[in-house]
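Chain by chain, the residues run as shown.
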Amino acid sequence: MNNSEHFIELYKELENTVREIYKINDGDSISHYLANNSKYKRNSNEIKYCQRVRNLLQHNTKINNEFSVVPSDDMIFFLKKLIKDISNRLQAKDVSINLNSIYFKAMGDRVDQAMIRMKRDNYTHIPILEENVVKGVFDENAVFNYIADEEIITFEHTKFIDLEQYLSLDNRETVTFDFVSPNDYVEDILKKFECNLSKGVRLGMIFVTPSGKRTEKITGIITPWDILGSSSL
């Protein structure tokens, strides 16, 4: 089997895979769908190019029983990888940071010690948990707002319970937080990040719980860096 025949078979496999997984109708273009999918749009040029080559090979008469175009090995490799990537979609459990590896604090812990750790390890957010249930998130905005309201510039004896109103997950102007289940797909989580960015709001952290409810104990967290690291082919 030469590359032209192999390419046609692979593209057919790609079509079947996309239609089955994403429930795309037979009359709809899979290349158009993938090119506009958050996960695959960075490869939209390659995907559309493969479609044009497939149309050329499939719908044009051979000359002397030979294909007019022979796809390169790189094109074959790209289609194989694309099919594999779509067939094995990453889920939240595949990219989340396990609870045992998360740096978190409780309401009764001291703030100053956490701030030292944040600076040392470049943490931007620290989850505040009680029995592994999220009660809030500590970040630099919480520090600023607390100082501005209370006119306090030392945190030597301050505990997170003293900042409780500033740790809320809700009603923040520039950052928000969300919850997902371990089986939610990464590409759907990526859409959450993009949707919030389009509104001028940053999704600072996603918490993973058994069924995606905020009242449940968390099993892990997902940061923007975890999503960015998994969103390319």
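Keep in mind the model is a prediction, meaning the values are calculated, not measured. (Residues numbered from 1 in each chain as written. Predicted model: local features only at pLDDT ≥ 70, side-chain atom pairs only at ≥ 80, totals over all residues. Heavy atoms only, no water.)

> What is the right way to look at helix 7 (residues 140-150) in this model?
In an α-helix there are 3.6 residues to a turn, and that puts residues three or four apart on one side. All buried positions along helix 7 are accounted for by Ala142, Val143 and Tyr146. For helix 7, the buried positions fall inside an angular range of 100 degrees around the axis, keeping them on one side. Opposite its buried face, helix 7 presents the exposed residues Glu140 and Phe144, each directed more than 90 degrees away. Buried residues in helix 7 make contact with helix 6 (111-121) and strand 3 (133-138). Just downstream of helix 7, Glu151 is the residue with a positive phi angle, here 55 degrees. (Buried < 20%, exposed > 50% of the residue type's maximum accessible area, 1.4 Å probe, protein only. Helix = DSSP H or I, 4+ residues; strand = E, 2+ residues; numbered from the N terminus. Arc of directions from axis to C-beta. Contact = heavy atoms within 4.5 Å.)

> Help me understand the packing of helix 1 (residues 3-22) against helix 4 (residues 73-87), please; the structure alone is not making it clear to me.
Between two packed helices, what matters for the description is the angle formed by their axes and the separation of those axes. Taken N-terminus to C-terminus, the directions of helix 1 and helix 4 make an angle of 20 degrees; their axes are 10 Å apart at the nearest point. Between helix 1 and helix 4, the crossing angle belongs to the class labelled roughly parallel. Here the hand of the crossing between helix 1 and helix 4 comes out left-handed. For the pair helix 1 and helix 4, contact is made by Asn3, His6, Phe7, Leu10, Tyr11, Glu13, Leu14, Thr17, Val18, Ile21 and Tyr22 and by Asp73, Met75, Ile76, Leu79, Lys80, Leu82, Ile83, Ile86 and Ser87, respectively. When its residues are assigned to classes, the contact of helix 1 with helix 4 shows 13 nonpolar, four polar and three charged. (Axes fitted to C-alpha atoms, helices over the stretch in contact; angles between N-to-C directions. Parallel < 35°, antiparallel > 145°, perpendicular 65-115°, else oblique. Left-handed = near helix turned anticlockwise from the far one by under 90°. Nonpolar A, V, L, I, M, F, W, Y, C, P; charged D, E, K, R; others polar.)

> Looking at this structure, how should I read the layout of surface pockets?
Over the atoms a probe the size of a water molecule is rolled, and this reveals where empty space is left. Here the largest pocket defines a volume of roughly 320 Å³. Around the largest pocket, the lining is made up of 16 residues, and of these Tyr123, Thr124, His125, Met205 and Thr223 lie nearest the centre. Secondary structure elements with two or more residues in the lining of the largest pocket: strand 5 (202-208) and helix 9 (224-228). Along the lines of polarity and charge, the residues of the lining of the largest pocket split into nine nonpolar, six polar and one charged. Here the second largest pocket is characterised by a volume of approximately 210 Å³. Asn141, Asn145, Asn171, Arg172 and Glu173 are the residues nearest the centre of the second largest pocket, which is lined by 14 residues in total. (1 Å grid on protein atoms, 1.4 Å probe; cavity = no way out; pocket = protein on both sides within 12 Å on 5 of 7 lines; lining within 4 Å. Points joined across faces, edges and corners; volume = space filled by probe spheres on them.)

> Sorry, what's going on with the nonpolar core here?
Side chains that are nonpolar tend, in soluble globular proteins, to be buried together. Formed by 23 residues in total, the largest nonpolar core has its most connected members in Phe7, Leu14, Val18, Leu34, Leu82 and Ile86. Put simply, the parts of the chain that give this core at least two residues each are helix 1, helix 2 (30-35), helix 3 (44-59) and helix 4. Residues contacting Ile86, with those up to four places away along its chain left out, are Leu14, Thr17, Val18, Ile21, Tyr22, Leu34 and Tyr40. Of all hydrophobic cores here, the second largest spans 16 residues; its members include Val111, Phe138, Val143 and Tyr146. (Core = buried A, V, L, I, M, F, W, Y, C linked by side-chain atoms within 4.5 Å.)

> Even after reading the chapter, I still don't get the packing of aromatic side chains, so can you show me in this structure?
The geometry of an aromatic ring pair comes down to the distance between the two centres and the angle between the two planes. Inspection of every chain in the model, using the stated rule, returns seven aromatic pairs. Aromatic pair Phe7 and Tyr11: ring centres 6.4 Å apart, planes at 25 degrees, arrangement stacked. Highlighted residues: Phe7 and Tyr11, both in helix 1, separated by four residues, approximately one helical turn. Classification of Tyr11 by relative accessible area gives buried; the value is 3%. A centroid spacing of 5.1 Å and a plane angle of 45 degrees characterise the contact between Tyr22 and Tyr33, whose relative ring orientation is tilted. (Phe/Tyr/Trp six-rings, centres within 6.5 Å; stacked < 30°, edge-to-face > 60°.)

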